[in-house]
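# Structural characterization, general
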Amino acid sequence: MRIRSLILLALSLFLACPALGKDPVSVELATEHTAVGEGEDFQLQVTVHGSRDAKQPIIANAEAFEVQQTGTTSQVQIINGSTSLATTFLFQATPKRPGTFTIGPARLTVDGKTVESGTLAIQVVKGATQPAKESPFRVAAEIDEKAPYVGQQIVYTFRFFSRGRLTGAQLSFPDFNGFLKEELEKQKEYETVQDGARWSVTEIKLALFPQTAGALTIGPATLHGNAVVEGTRRRRGNSPFDQFFDDDFFGMRGEVKRITLRTPPLAVAVHEVPEAGKPAGYAGLIGSFQARALLSKSDVAVGDSVTLTVELSGTGNVRDARLPDLKLEGLKVYDDQPVVKTAVSDGHLGGTKTFKKALVPLKAGTVTVPAIRIPYFDPKAKTYRVAETPPLGLTVAPGTAEEAPRPAAGGQPLSKKDISVVGSDIMPIKHAGAVLSEDMGPGERLAWLLFSLAVCPALWGIAFAVDRARARRRADSGYERRSRAYRKFTQGLDRIAPDADGFAASSALLRGYLGDRFDFDGLALTPIDAERKLRPLRLSDATIRETEELLKLFERAEYGGERLDERTGERLKERLAALAKQVEKEASA
Amino acid sequence: MIRPQSIRLFLLALWLAAPLARAADPEAVEALAKKFQAANQAFETGSYKDAIAGYEALLAGGAASGVVHYNLGDAYFRDKELGRAIFHFRKAREALPRDPDVRFNLGFARARATDRIEQKGLGAAIEAALPFTEREALRALAAAAALFFAFLAARTLTKREWLFWPELATGLVFALTVAVAAEKALYRPHFGVVTAAEAGVYSGTGKDTTLLFSLHEGAEFSVENGEADWVRIQLADGKRGWLKRQDAIF
């Protein structure tokens, strides 16, 4: 249903578009009321015909009314193929004073031409022209004292009564000229029964303090909002447009009406406080107050600081409270900033104003802080009273300092002043400190860099090499044997002696070395299989031949029972050493 | 297996590090201390030129400590030689980078320089962010390297995985100290300060050179290279040119 409605609307607009704007533009100003009561709202309608994109018209000669636009409606009509478009601007007008006024014309500028409507004659009479309808919304304002004294607190209460649905509410308080205003408490909501009906009430309270004597007026508080009147929406016809606008797509079936509610102005007659009986030192404090005083300590040394705290609490204009000048013999007094904490008590604003003074005794002995008297006017009793603190005693012992230069109240320094710089200079020379240069020489710099970037990494490199060697040993069982072969050979070479076993020992040494070096059973090596075993090890022909020759030599000598003499032994050692070196070289290549 | 090469390298490092352990000759130190006190005495009595001569003699004798440079800067400042004062305060700051007196006096003297030179680049910011001497930076580097490679070696040999975390932490510290030490040891700008009341900076050193701009006493610059009577300088704002050596101190 909704899609069909949208399609029909779009089609209608499409068909209408070529025809729009062809008719001349006209403006019509209309209202249903020609006589209204002062303060009664009525509606003005400005209808613009023949313009597709009409802007808001201006209503001339409406100074006697408060005019506020409340909405816009548009209508498209197709009659016998002829299409017309009208835009209606709705205004709410509220008369400001009684009289007969001509309102209008409404003016609109279209394509550079100004189009005007006719005018309306509106008669505004005092009071209401119609019996008051049973409205579901009301506002009211009241004050709890219509004849206060200057400075006396009065409570302004605004109440909004509702039995319906109001959206987009905007509340404007009056200016409260001639008063100081303070928030009294948060907005309160409750229900009440009036005239046999249950109302939801929203209540806001403000504390007002008149500042001047005379007749003052608190203007109206104004509440604007959109009232939703359930079930009053007019049923339209059966046209597709009516069905479209009645569709649930728009959410509300009730009629929305822009309303403005005003409280009546309130007259206040403000009096000066009476001169009769006004005490000396009265500083405009009005309400009901109590005072108390205390010292941070009762025993103090000369030059030390003690804090005198005076608290004035009660209901009324406690912010305006002032302490009388304290003349304290033997004490130097430093004032701190007073602190005000407000509170609501019995629906009235009050609180506590705390004064702190740092007292510095100038001489030893007993000092008395006298009673502090703060006069105020009690509006209920219509008489002056005094809030008074008891006298306080202070015992001052002799001190080391005549006076503390920086007293503090509440732990905070008092009366700070900017330091006035009267001169500037460089810092003095130094008498202590190393005389020798701290500069690093190139050698020292290089040493640190070598240690950091070479020695330390090298130590780690050693650890790495050790780890790798261990790993190889674990993985290769012959590694240990191979790596020690040459050292074992050279050690054995020194032990060969020129005796009967010299050749046998030399033979065992060579075969043992080759067996260790290449990980085979060296003692089983014979001259015959030397080439077969050594050739795959990639030793050179000369090395293999030298090995064969030596093994043959040993074999002959052993079987021939030859004794190794000293000269032969030396030459043999040389040949064996040379052979082993060559083997090491070729095996490592 | 420890290779002989590694042992030789280690011994070389120890030999090079030997100067660290060498104690200064106590008598020489005593003599320098007396000269230092004498110069201080001259300063306190208002004989600034004598104090300057005393401190300069100490510098020439190898007593180029931060304190001597600082006192010499004070003496030059009192003697109305702003450029030399700034120069020696800067030298003092190199040795005593965190000394508040040095920093104050350098700022105080700089505030009296005529030329306002806009700082470009990060040189000054890095210098302020790393208030360490070169020796401090290199010692920190050595300590960090020793710890890092010790953990590395320990983990390599013991295969204990929990050593990864101290290894990572010390590795990060080591990387940081490498950067700081590199800045201190490698980036050693050669700076100078104008001592003449006004000094011209030229486009070259030949006959037909153009005066590019003039500097006044106290203006600081870095030295790029030099010739017999001229040095090529660069200001912090990037301006470059040739300055007569006699107009500045380096």
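Along each chain, numbering runs from 1 in the same order as the chain's sequence is written. For naming, the first written chain is A and the first written ligand is 1, with later ones following in the order written. Per-residue local features of the predicted model are confined to residues with pLDDT of at least 70, and side-chain atom pairs are confined, for both listing and counting, to 80 or more; whole-chain, interface and lining totals are unaffected and use all residues. Side-chain descriptors were evaluated using all non-hydrogen atoms of the structure, hydrogens and water having been removed beforehand.

### What about the overall build of chain A?
A tally of regular secondary structure across chain A gives 8 helices and 31 strands. Partly exposed residues are those whose accessible area sits between 20% and 50% of the maximum for their type, while under 20% is buried and over 50% is exposed, using a 1.4 Å probe and protein chains only. Within chain A, the fraction of its 589 residues that count as buried is 39%. Pairs of residues are marked as contacts when any of their non-hydrogen atoms sit within 4.5 Å. Here the analysis covers contacts within chain A between residues at least 6 apart in sequence; of these, 73% occur between residues at least 24 apart. Accessibility throughout is a Shrake-Rupley quantity obtained with a 1.4 Å probe, and a residue counts as covered only by protein chains that appear here. With an accessible surface of roughly 33,700 Å², chain A has 51% of that area assigned to carbon and sulfur atoms. Segments assigned H or I by DSSP are reported as helices when at least four residues long, segments assigned E as strands when at least two residues long, and all are numbered from the N terminus.

### Digging into the side chain of Ser452 of chain A
Structurally, the position occupied by Ser452 of chain A is in helix α3 (residues 442–475). The buried category is assigned to Ser452 of chain A, whose relative accessible area is 0%. Here a polar contact is recorded for every N or O atom pair within 3.5 Å, except that within protein the pair must consist of a potential hydrogen donor and a potential acceptor, and residues adjacent in sequence are included only if both atoms are side-chain atoms. Only 3.3 Å separates the side chain of Ser452 of chain A from the backbone nitrogen of Ala142 of chain B, close enough to count as a polar contact.

### Some remarks on the interface of chain B and chain A
Taken together, the contact pairs 58 residues of chain B with 39 residues of chain A. Buried area: the accessible surface (1.4 Å probe) lost by two parts on joining, summed over both. Summed over both sides, the interface of chain B with chain A buries roughly 4,300 Å², with 69% coming from carbon and sulfur. A pair is scored as a salt bridge if a Lys or Arg side-chain nitrogen falls within 4 Å of a carboxyl oxygen belonging to Asp or Glu. Counting across the chain B and chain A interface gives 6 salt bridges. Counting across the chain B and chain A interface gives 16 residue pairs in polar contact (both at pLDDT 80 or more). Per-element tally for the side of chain B that touches chain A: the top contributor is helix α8 (residues 134–158) of chain B, with 13 residues. Note on residue classes: Ala, Val, Leu, Ile, Met, Phe, Trp, Tyr, Cys and Pro are nonpolar, Asp, Glu, Lys and Arg are charged, and everything else, Gly too, is polar. Of the residues belonging to the side of chain B that touches chain A, the class tally is 38 nonpolar, 9 polar and 11 charged.

### Some remarks on the packing of helix α4 (residues 479–495) of chain A against helix α8 (residues 566–588) of chain A
All names here are of chain A. In this analysis, axes come from line fits to C-alpha atoms, helices being fitted only over the stretch in contact, and the angle between any two N-to-C directions falls in the range 0 to 180 degrees. The geometry of α4 relative to α8 is characterised by a closest axis approach of 11 Å and an angle of 175° between their N-to-C directions. Comparing their axes, α8 and α4 come out roughly antiparallel. For the pair α4 and α8, the contacting residues are Tyr486, Phe489, Leu493 and Asp494 in the first and Lys573, Leu576, Ala577, Ala580, Lys581 and Glu584 in the second. Oblique is the label for every angle not falling under 35 degrees (roughly parallel), over 145 degrees (roughly antiparallel), or within 65 to 115 degrees (roughly perpendicular).

### Quick word on the pattern of salt bridges
Where charged atoms from two side chains of opposite charge approach closely, those side chains can pair. Here the structure, examined in full by the defined rule, presents 38 salt bridges over all chains. Between Glu311 of chain A and Arg292 of chain A there is a salt bridge whose closest N-O contact spans 3.0 Å. Residue Glu311 of chain A is located in strand β22 (residues 306–316), and its partner Arg292 of chain A is located in strand β20 (residues 287–295); the two are separated by 19 residues in the primary sequence. Take Glu311 of chain A: its relative accessible area is 24%, and that puts it in the partly exposed class. Salt-bridge contacts for Glu161 of chain B lead to Arg155 of chain B; the nearest nitrogen and oxygen are separated by 3.3 Å. A relative accessible area of 23% means that Arg155 of chain B is categorised as partly exposed. Bridged by salt links that share partners, the residues Glu142, Arg159, Lys188 and Glu203 of chain A form one connected network.

### Section: the pairing of strand β5 (residues 230–234) of chain B
Residues and elements named next belong to chain B. The sheet contact formed by strand β4 (residues 220–226) and β5 spans 4 bridges and is antiparallel. Among the inter-strand pairings, Ser222 is bridged to a residue of β5, identified as Gln234. Two strands pair under a simple rule: DSSP has to find at least two bridges between them. Hairpin connection from β4 to β5: 3 residues lie between these consecutive antiparallel strands. Here 5 bridges tie β5 to strand β6 (residues 240–244), and the two strands are oriented antiparallel to one another. Within β6, the residue paired with Val231 across the bridge is Leu243. Taken together, β5 and the strand that follows it, β6, pair antiparallel across an intervening segment of 5 residues, in which Gly238 is found at a positive phi of about 100°.

### Quick notes on the packing of aromatic side chains
Geometry of aromatic contacts follows a simple scheme: Phe, Tyr and Trp rings, the Trp one being its six-membered ring, pair when their centres are within 6.5 Å, and the pair is stacked under 30 degrees between planes, edge-to-face over 60, tilted otherwise. Tallied over the entire structure, the rule returns 26 aromatic pairs over all chains. Taken together, the aromatic side chains of Tyr149, Tyr282, Phe377 and Tyr384 of chain A make up a single cluster linked through ring pairs. Placement of a charge over a ring requires the Lys NZ or Arg CZ to be within 6 Å of the ring centre, with the centre-to-atom vector within 35 degrees of the ring normal. Here the basic side chain of Lys430 of chain A rests over the ring of Tyr70 of chain B, its NZ or CZ set 5.0 Å away from the ring centre. The ring of Phe108 of chain B carries Arg112 of chain B above its face, with NZ or CZ at 3.7 Å from the centroid.

### Things to note about the sheet that holds strand β18 (residues 255–262) of chain A
All names here are of chain A. In space, the 3 strands of this open sheet follow the order β13-β17-β18, with antiparallel pairing throughout. Across the chains shown, the open sheet's two edge strands, defined by having one partner strand only, are β13 (165–172) and β18. On average, each strand axis in the sheet is tilted by 15° relative to the strand beside it, whichever way the strands run. With 8 bridges joining them, strand β17 (residues 222–229) and β18 adopt antiparallel strand pairing. Note on β18: the bridge partner recorded for Leu223 is Leu261.

### A few points about unusual backbone geometry
All names here are of chain A. With omega at 5°, the peptide bond leading from Gly104 into Pro105 counts as cis. If you trace the backbone, Pro105 turns up in the loop between β7 (99–103) and β8 (106–110). Positive phi outside glycine occurs at Phe176, with the angle close to 55°. Residue placement: Phe176 occurs in the loop between β13 and β14 (179–194). One non-glycine residue, Arg538, adopts positive backbone phi at about 65°. Following the sequence through the fold, Arg538 ends up in the loop between α6 (530–534) and α7 (541–560). In this structure Arg538 comes out as exposed when scored by relative accessible area, which is 73%.

### Comments concerning the environment of Gly561 of chain A
Residues and elements named next belong to chain A. Looking at the element boundaries, Gly561 is found in the loop between α7 and α8. When its relative accessible area of 59% is taken as the criterion, Gly561 is described as exposed. Sequence-wise, Gly561 and Ala504 are 57 residues apart; in three dimensions their C-alpha atoms are separated by 9.9 Å.

### So, the confidence of the model for chain A
Low pLDDT marks regions whose predicted coordinates should not be analysed in detail. All names here are of chain A. When the pLDDT values of chain A are averaged, the result is 81; 85% of them are 70 or greater. Across the chain, each position has a pLDDT score giving the predictor's confidence in that residue, from 0 to 100. This stretch, residues 12–21, has a pLDDT under 50; its non-local contacts, to residues over four places away or in other chains, come to 12 contacts. Overall, residues 232–252 carries pLDDT values under 50, and its contacts beyond four positions in sequence, including any with other chains, amount to 28 contacts.

### Section: the pairing of strand β27 (residues 373–378) of chain A
Residues and elements named next belong to chain A. Counting buried positions along β27 yields 5 of 6 residues, so the element is predominantly enclosed. Bridge analysis of β27 against strand β28 (residues 383–388) gives 6 bridges, and the strand direction is antiparallel. Along β28, the bridge assignment pairs Pro375 with Val386. Between β27 and the antiparallel strand that follows it, β28, lie 4 residues; Lys382 among them carries a positive phi value of about 55°.

### Some remarks on a negative patch on the surface
Every patch collects residues that have over 30% relative accessible area and no salt bridge, joining them within 9 Å if they carry like charges and within 5 Å if they are nonpolar side chains (Val, Leu, Ile, Met, Phe, Trp, Tyr). Residues scored as charged are limited to Lys and Arg (positive) and Asp and Glu (negative), so that His and the chain ends carry no count. The location of each charge is read from NZ of Lys, CZ of Arg, CG of Asp or CD of Glu. Residues Asp565, Glu566, Glu570 and Glu574 of chain A make up a contiguous surface patch of negative charge. Along the chain, Glu574 of chain A falls in helix α8.

### Thoughts on helix α4 (residues 66–78) of chain B
Residue and element names in this part refer to chain B. The span you would expect from a helix comes to 1.5 Å times its residue count less one. Helix length check: α4, at 13 residues, gives a terminal C-alpha distance of 18 Å against a target of 18 Å (1.5 Å per residue), a fit within 8%. Taken across its 13 residues, α4 has 12 buried, putting it largely inside the fold. Listed in full, the buried residues belonging to α4 are Gly66, Val67, Val68, His69, Tyr70, Asn71, Leu72, Gly73, Asp74, Ala75, Tyr76 and Phe77. Tucked into the core, α4 has its buried residues touching α2 (26–44), α3 (48–60), α5 (82–95) and α6 (100–110). Where α4 ends, the next residue or the one after it, Lys80, has phi of about 65°, a positive value.

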